[in-house]
Every structure is written in C-alpha cells, then in structure tokens.
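Residues per chain, in single letters:
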Amino acid sequence: MIDQPGPHEVLIRTAACGLCHSDLHFIDGAYPHPLPAVPGHEAAGIVEAVGSEVRRVKRGDAVVTCLSVFCGTCEFCLSGRMALCLGSGTRRPRGAAPRLAQADGTPVQQVLNLGALAEMMLVHENACVAIRPDMPLDRAALLGCAVTTGAGAVFNACKVTPGESVAVIGCGGVGLAAVNAARIAGAGQIIAADPSPKSAHWPRRWAPPTRSIPPPMAQPPRSWSARAGVDHAIEAVGRPASADLAVGALRRGGTATILGMMPLDQKVGLSAMDLLSGKKLQGALMGMNRFPVDLPRLVDFYMNGHLKLDTMLTARIALEDVNQGFAALRQGRGARAVVVFAGS
C-alpha cells in the first residue's frame, strides 16, 4: 500500500529505473538496511499528485529522482554541499504513517529514500526535479545516479579544466559517465581502464582523446600517461585494488577521487611520498551534485548531443525480469540495464 502525499511529498508514476551496483550492495547484504524494503534508486517518471506545500513540480511533470535528497536548511545545504545533507526533515516524523506499508500495516522501507523498482514512488519534493518533456524517460533515468555521480565528480568534485589528463578506472555506468563528462570538460587526455574484458571495449566507441587500457592492465598506472601520471584519477568500481590503482596513476599534485562503494571495513590512503608530492585523495558522494541545478543541464547535454546516454543504455527489460537483470549486472554484462514499466 502507498499513502497519500504529505504536504512536501510527491507521488510519481515510475516510467524507468536503472539497475545499479549500489542496489546489489543492499540486496546482497554487504551494506545493512532494514527490511522489508523496495530497492531501486535511479529513476524517472511522471508526477501523479503533489502535497499541499509543493511548489517545484506539478501533476503531469516529467521528473528524475535523486537519492541524495536535501533539506535545504542544514549546514551542508547552506554551504553548497547538498549531497552530504542528513536533514531529518526529508523523512516522515517518528510515529507518522509510513509512506509504504504491507497489507497488515507493516512499514516497508524505501532503499536510499526512493524505492524506485515499483510502479509508484512517494518521495519528498527535494528528491525529484522536473525536466523538459521531450527528454526520453528511459535515458533520463540514468541521470538519477550513474550520470549524476560520474559526471558530477568531473564537474563538481574534480573541477577538470581544459587540457588536464583524466584516468577513469571502471567502465560501468558511472565510469562511462565520467569519461563522457571529461570529454565535455575539455580534458586533454582521457584513459579508460577496466578489469573486465566485457567492459573495456565500451569507451573505444568514442573518438579520441579517449584511450582504453584493456585487462589485465599489467602496465604500471603512472605509465598510462606520457606525463608520468594523470592530473585526476577517478575510481568507479568499489574495489580496494582499483582505489590503489587510482592513487598510483597520479602525477605530482594530482587528485584521486573514489566513487565506488567499497566494503565498509576497507581503507584507502596516501604514502608519505604521495603527500610530499602534493597528491590528494577525496570522496565524492553522488558526484557532490547540486541536483536541482545539475540535472537540467545534464538533460540539455544529452539533447544537444554531447552526453552519450544511448551508448550507456545496453538493455531495456520488464519489471518481471529484474532478477535476471541483476544477475547480468553481477556478471558484468552490459553498462546499464533499465527497467521500463508498462505503459511508459
């Protein structure tokens, strides 16, 4: 059962939802989450109803959702770091009726604030943003996580400037978005590396300056660039070995940005010599996005031909095939599969 929208809530008919490795972390129990729960967090849909205080969207709007819902009033939001918001005002207060419930009234949790692998979503208004109506919703869904994270890391966290070199480790949805964004930002050299032979060929479809490093990636990572390392190395896999590769690929003064969800007990670090060389290590949750600002710009990048979402979307499946879709994801088959809902 799904409740009626509260004052600041939006009811959305889901049109499409991408399958992301982050979902698998929760489904497989690597990251704890209360149960029962509805997974899915990379989605687009049409607004069905809005609460009495909602002003940003209206019934009939096409929207993209975002897991990094923001309150707009906390220290992180007011200092421009909306992706780090933990404001409780975006969730229903303790004791209130749940947004989702089983027939007997047992609350059903929404993974990452959304629960998008369902025909309807009930979310806080700050978890979605309206987009232009001519944007295809199956591709718009990819913007909700993979592209916001990968492209956001390039634009917001790394602030890549024209001529700089960028290495992206991991050529799934997030990695491909980072490669694409580095080209948009004017990177002078882009190196795309992936440990899987099924993934390493995808960036080769794009014109230079992208260079693919095929497995087993036996070369020392600093040799990937003629400048003895790269200015930016972006890790988009979620493995400690990949994070070490990112650090090892840096030139003096370079920055490694870790996007993948690694096991919770793992650590990544810089050596004393790395620190003396001015190297930096950072995380970038959801690409440190400013969702209401970034998302319409990403839509425009796609519509004007700069953002290659058609290349990223490798399968469209029905909701009843979602388990097979996750099985393919575990095996590294395809960059991004999208569940397309009936009638969309």
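One can find the structure itself at the top, above this paragraph.
Residues numbered from 1 in each chain as written. Predicted model: local features only at pLDDT ≥ 70, side-chain atom pairs only at ≥ 80, totals over all residues. Heavy atoms only, no water.

> What exactly am I supposed to notice about the overall build of the chain here?
A count of helical and extended segments in the chain gives 10 helices and 15 strands. Over its C-alpha atoms the chain spans a radius of gyration of 20 Å, differing by no more than 12% from the 20 Å that the globule rule assigns to 344 residues. With the C-alpha coordinates aligned to their principal axes, the bounding extent of the chain is approximately 60 × 40 × 35 Å. Counting across all 344 residues of the chain, residues that qualify as buried make up 53%. Considering only contacts in the chain between residues 6 or more positions apart, those separated by 24 or more positions represent 71%. Put simply, the chain shows about 14,900 Å² of open surface, and 56% of that area lies on carbon and sulfur atoms. Counting 33 positive and 26 negative side-chain charges, the chain places the averaged centre of each group 8 Å from the other. (Helix = DSSP H or I, 4+ residues; strand = E, 2+ residues; numbered from the N terminus. Rg over C-alpha atoms; globule rule 2.2 N^0.38 Å. Buried < 20%, exposed > 50% of the residue type's maximum accessible area, 1.4 Å probe, protein only. Contact = heavy atoms within 4.5 Å. Areas by Shrake-Rupley, 256 points an atom, 1.4 Å probe, with all protein chains shown as cover. Lys, Arg positive; Asp, Glu negative; His and termini not counted. Charge placed at Lys NZ, Arg CZ, Asp CG, Glu CD.)

> Quick question: what am I supposed to make of the packing of aromatic side chains here?
The geometry of an aromatic ring pair is captured by two quantities: the separation of the ring centres and the angle between the planes. One pass over the full model with this rule turns up two aromatic pairs. Geometrically, the ring pair formed by F26 and Y31 is edge-to-face, given 6.0 Å between the ring centres and 70° between the ring planes. As far as burial versus exposure is concerned, F26 and Y31 are alike and both buried. (Phe/Tyr/Trp six-rings, centres within 6.5 Å; stacked < 30°, edge-to-face > 60°.)

> Would you explain the packing of helix 4 (residues 146–158) against helix 5 (residues 173–184) in this entry?
Two measures define how a pair of helices packs: the angle their axes make with one another and the distance between the axes. As a packed pair, helix 4 and helix 5 sit with axes 7 Å apart at the nearest point and diverge in direction by 40°. Between helix 4 and helix 5, the angle is such that the two are oblique. Crossing hand, helix 4 versus helix 5: right-handed. Residues A146, V147, T149, G150, A151, V154 and F155 of helix 4 form the contact with helix 5, whose own contacting residues are G173, V174, A177, A178, A181, A182 and I184. Across the contact of helix 4 with helix 5, the residue classes tally to 11 nonpolar, three polar and no charged. (Axes fitted to C-alpha atoms, helices over the stretch in contact; angles between N-to-C directions. Parallel < 35°, antiparallel > 145°, perpendicular 65-115°, else oblique. Left-handed = near helix turned anticlockwise from the far one by under 90°. Nonpolar A, V, L, I, M, F, W, Y, C, P; charged D, E, K, R; others polar.)

> In this structure, what is going on with the pairing of strand 6 (residues 120–124)? I would like to understand it.
Among the five residues that make up strand 6, four are buried, leaving the element largely enclosed by the rest of the structure. Pairing of strand 1 (residues 9–18) with strand 6, which is carried by five bridges, proceeds in the antiparallel orientation. Directly across from L11, in strand 6, lies its bridge partner L122. (Pairing = 2+ DSSP bridges.)

> Teacher, can you tell me more about the environment of R239 here?
Position of R239 among the secondary structure elements: in the loop between strand 11 (230–235) and helix 6 (240–248). Accessibility expressed as a relative area gives 47% for R239, which makes it partly exposed. Sequence separation between R239 and M262 is 23 residues, and the spatial gap between their C-alpha atoms is 5.5 Å.

> Explain the pairing of strand 15 (residues 336–340) here, please?
Regular strands have side chains that alternate between both faces of the sheet. Burial within strand 15 is extensive, with four of its five residues counted as buried. Bridging between strand 1 and strand 15 involves three bridges; their strand directions are antiparallel. Bridge assignment links A16 to a residue of strand 15, and that residue is V340. As judged from the four bridges shared by strand 14 (residues 313–317) and strand 15, these two strands associate in the parallel manner. When the sheet's bridge partners are listed, L313 is paired in strand 15 with R336. Read from strand 14 through helix 10 (residues 322–330) to strand 15, the crossover connection turns out right-handed. (Right-handed = clockwise from strand over helix to strand, strands pointing away.)

> Mind showing me how you'd approach helix 5 here?
Working note: α-helix, 3.6 residues per turn, so residues spaced by three or four point in the same direction. Across its 12 residues, helix 5 extends 17 Å between first and last C-alpha, which sits within 8% of the 16 Å expected from 1.5 Å per residue. Counting buried positions along helix 5 yields 10 of 12 residues, so the element is predominantly enclosed. By the burial criterion, the buried members of helix 5 are G173, V174, G175, L176, A177, A178, V179, N180, A181 and A182. (Expected span 1.5 Å × (residues − 1).)

So yeah, pure geometry; function would need other evidence.
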